[in-house]
Amino acid sequence: MWGRLARSGIIQGVETRTSDERQAAAVNTTTSLDRDQILNLCELIHTSRSGNLPVAGSRVLGLFRCIQVTLLTLRHNLTQELLADIHTVSQSTISRVITVYTPLIAEALQARVPGTGDLDPDRQYIIDGTLAPCWSWHDRPELYSGKHHTTGVNLQVACTLTGQLAWISKPSAGSVHDAKAIKESGFLEALDATTHIGDKGYIGLGMITPARKPAHGELTNIDRRNNTAINRVRISSSGALQISRSGVFTRTDYRRSCGTFEITIQAVAGLIFAYTL
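Below you will find a few notes about this structure. Sequence order sets the numbering: in each chain, residues are counted from 1 along the sequence as written. Owing to the predicted nature of the model, reporting of local features is limited to residues with pLDDT of at least 70; listing and counting of side-chain atom pairs is limited to 80 or more, with chain, interface and lining totals taken over all residues. As a rule here, side-chain values come from all non-hydrogen atoms in the structure, and water together with hydrogens is ignored.

## Focus on unusual backbone geometry
Here is step 1: For S50, which is not glycine, the phi torsion reads 55° and is therefore positive.
Here is step 2: Relative to the helices and strands, S50 resides in the loop between α3 (35–48) and α4 (62–76).
Here is step 3: Even without a glycine there, the phi angle at N77 is positive, about 55°.
Here is step 4: The numbering of helices and of strands both runs from the N terminus, where a helix is a DSSP run of H or I of at least 4 residues and a strand a run of E of at least 2. Within the secondary structure layout, N77 lies in the loop between α4 and α5 (80–87).

## With respect to the pairing of strand β1 (residues 125–133)
Regular strands place their side chains on alternate faces of the sheet.
Here is step 1: Most of β1 is tucked away: nine of the nine residues are buried.
Here is step 2: Side chains Y125, I127, G129, L131 and P133 of β1 all project onto a buried face; the interleaved residues I126, D128, T130 and A132 project onto the opposite face, where all are buried too.
Here is step 3: Relative to strand β3 (residues 150–160), β1 is paired through nine bridges, and the arrangement is antiparallel. What sits directly across from P133, in β3, is G152. Whether a residue is buried, partly exposed or exposed follows from its accessible area with a 1.4 Å probe, protein chains only, as a fraction of its type maximum: under 20%, in between, or over 50%, in that order. At least two bridges found by DSSP between two strands are what make those strands a pair.

## Some points on the nonpolar core
Here is step 1: Grouped together as the largest cluster of nonpolar side chains are 37 residues, with contacts concentrated most on L41, I67, L71, I105 and L271.
Here is step 2: Looking at this core, the elements that each hand over two or more residues are α3, α4, α5, α6 (91–108), β4 (165–168) and α12 (261–276).
Here is step 3: The contact criterion used throughout is that any non-hydrogen atoms of two residues lie within 4.5 Å. Setting aside chain neighbours within four positions, we find L271 in contact with L33, L41, L71, L74, I105, L109 and T276.
Here is step 4: Within this scheme, the nonpolar core is defined by two criteria: the residues are buried Ala, Val, Leu, Ile, Met, Phe, Trp, Tyr or Cys, and they are joined through side-chain atoms within 4.5 Å. Counting residues in each nonpolar core, the second largest holds 15 residues, with L119, W167, A179 and I182 among its members.

## Re the pattern of salt bridges
Here is step 1: The salt bridge criterion pairs a side-chain nitrogen of Lys or Arg with a carboxyl oxygen of Asp or Glu, the two atoms within 4 Å. In the structure shown here, the tally under the stated rule is seven salt bridges.
Here is step 2: In this structure, E184 and K180 form a salt bridge, with 3.9 Å as the shortest nitrogen-oxygen distance. Taken together, the residues span about one helical turn, with E184 and K180 both in helix α7 (residues 178–185) at a distance of four residues.
Here is step 3: Classification of K180 by relative accessible area gives partly exposed; the value is 45%.
Here is step 4: As a salt-bridge pair, R234 and D199 come within 3.7 Å of each other at their nearest N and O atoms. Residue R234 is located in helix α9 (residues 221–234), and its partner D199 is located in the loop between α8 (187–190) and α9; the two are separated by 35 residues in the primary sequence.

Take a look at the structure:
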């Protein structure tokens, strides 16, 4: 369908040309999506809007380039002034495009993002937390994380024992401890906590965790062996955390206003589950 849309001129800003399969499938290193994936996203948004696309950027950029601009922002957290220079438009145009298209991407890909109810109750998961950094807004002191010594939001991540990313939680304030964040996410209510693996931050929740060294004491040999075994398994989650960091919200401090952070995270999560995994 996207081919018909492109040929008919509905998807503006994309040059319709013939190319070999290798060129068409080549991953765009600036957006992490290849041309066909971007066109697929254009089709999803065009269909969801019944063809009534936003006015922002439509005249000077077209749908395809509006999506490209938004993907660049989500991927690299570039300044709007730089994006304006790259696409030879005004900074205000870039701002309007990002403001309008970020929620559209999140909405179009929402169905691809698994919730706790979509996880396999018979599968064992590794749980870990990560901080998505942002600017230090004076009226949002709860975003400061004492653990990371910076501001941001807490995201809980679940992956399989083979390191496949399976779930990303909704954001909690950066000051929220991992144990509280996972409880508030609904993960432990939807799945049996006793079968899942976490680090020492999840001690007391019934999960499989390393033993903590007792005060003024030493771990037993059994505890040491168990800790080694658990930590070896937990290494699998490093790949899933790296995938979850593939968006702007964990690369550098989030640039836009605090009120747009959650929808941006939703958009990045949609892109990860729809096109990266």
